[in-house]
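Close look at the chain arrangement
Next come the chains, spelled out residue by residue.
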Amino acid sequence: MLGETPLIDAHVHAARRPTLKESWTEWAARFGKNVPLDELYDDEGTIVPERLDRYMQGEGVDLAILLCEYSPLATGIQPIEDLLPIVRYNPERFRMLANLNPHYHHPVSDELERQADLGAVGLKLHPVHGGFTPNDRRLYPAYGICRDRGLPVVFHCGTSTFPGSTNRYANPELMEDVVRDFPGLKVVLAHGGRGWWYDAAAFMASMREDVWIEVSGLPPKKLPEYYVNHNFERLARKMIFGTDWPGVPGLRQNAEAIRNLGLDGETVEMILHRNARGVYRLE
């Protein structure tokens, strides 16, 4: 809680360190200087659920949505099973997203159903890191399942500096095909078009009822600058709070920065918890 305001962080990377390249460690150290990572992991590089739970409580996070990480030293994709011990330790504070890559999972429908049955509240896709486009027709059966089951699809929508990234796959125009072909499917644009596509992401969120901007990886105080070509007060009502932890100065710090943007109280509540509750059906 931030005072009397609940806080949901919709973008938390609970990675296993042995499956990651050094670039991930460097990223976390650069952007998450205040995050005590070493205190949260055991000697084998796995997050200790009790420690993470205590840390999140101290940061004021009532609920955190965990993402499977891109893991180039493993199979290229982190299995959702890595997240289960954390979610089961405190299901009131933690939820998780499914993860698919059409290069590894066939048929994608079977794998998505399996992960959804394990408790996934949505699907996160990493086209930039996984080497596929959001409108790849192999993914369409998964989109149909998400729509029918009320699960949102979260796309990495912004440039990435990690080695091997294919940034053109983060273009929101590619996601527009999915929105067109699956009316009623909730789509979340993680990182909000970071880099080259702020305007495209903002236009999609403003035009489409079921498209949302998730602000992970974006310094909150710069949001009005990034979306200067749009009515920011109106656009902010389609935003979902997320940090991209551990690459963040501080969870509470970012949330407080949202509160300091000069938005009305209702809009702040929508960003910090209400929108996520509705999109991910967290009640």
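Please read these numbers as outputs of a predicted model, since none were measured by experiment. (Residues numbered from 1 in each chain as written. Predicted model: local features only at pLDDT ≥ 70, side-chain atom pairs only at ≥ 80, totals over all residues. Heavy atoms only, no water.)

1. Topic: the pairing of strand E1 (residues 8-13)
With respect to burial, E1 is a largely interior element, six of its six residues being buried. Pairing of E1 with strand E2 (residues 63-67) involves four bridges; the strand directions are parallel. For His13, the partnering residue across the bridge sits in E2 and is Leu67. (Buried < 20%, exposed > 50% of the residue type's maximum accessible area, 1.4 Å probe, protein only. Helix = DSSP H or I, 4+ residues; strand = E, 2+ residues; numbered from the N terminus. Pairing = 2+ DSSP bridges.)

2. A short note on the side chain of His13
Take His13: it is sitting in strand E1. Relative accessible area serves as the criterion here: at 5%, His13 is assigned to the buried category. With residues up to four places along the chain from it excluded, the contact list for His13 reads Trp27, Leu67, Glu69, Asp244, Trp245 and Pro246. (Contact = heavy atoms within 4.5 Å.)

3. Re the environment of Leu84
Assignment of secondary structure puts Leu84 in helix H4 (residues 84-89). Residue Leu84 is classed as buried on the basis of its relative accessible area of 8%. With residues near it in sequence (within four places) discarded, Leu84 still touches Met96 and Leu118.

4. Description of the sheet that holds strand E3 (residues 94-96)
One key point about sheets: their strands pair by backbone hydrogen bonds, in either a parallel or an antiparallel sense. An order of E1-E2-E3 is seen for the three strands of this open sheet, with the pairing classed as parallel. Two strands in the sheet have a free side with no partner beyond their single neighbour: E1 and E3. Here the strands of the sheet are splayed against their neighbours by 30° on average, with no regard to which way each runs. (Axes fitted to C-alpha atoms, helices over the stretch in contact; angles between N-to-C directions.)

5. A closer look at the packing of helix H8 (residues 172-181) against helix H9 (residues 198-207)
Their axes nearest at 10 Å, the elements H8 and H9 cross at an angle of 20°. In terms of their interaxial angle, H8 and H9 are classed as roughly parallel. The element H8 and its partner H9 pack so that their crossing is right-handed. Of the residues in H9, those in contact with Pro172, Met175, Glu176 and Val179 of H8 are Ala200, Ala201, Met204 and Met207. Taken together, the residues of the contact of H8 with H9 break down into seven nonpolar, no polar and one charged. (Parallel < 35°, antiparallel > 145°, perpendicular 65-115°, else oblique. Left-handed = near helix turned anticlockwise from the far one by under 90°. Nonpolar A, V, L, I, M, F, W, Y, C, P; charged D, E, K, R; others polar.)

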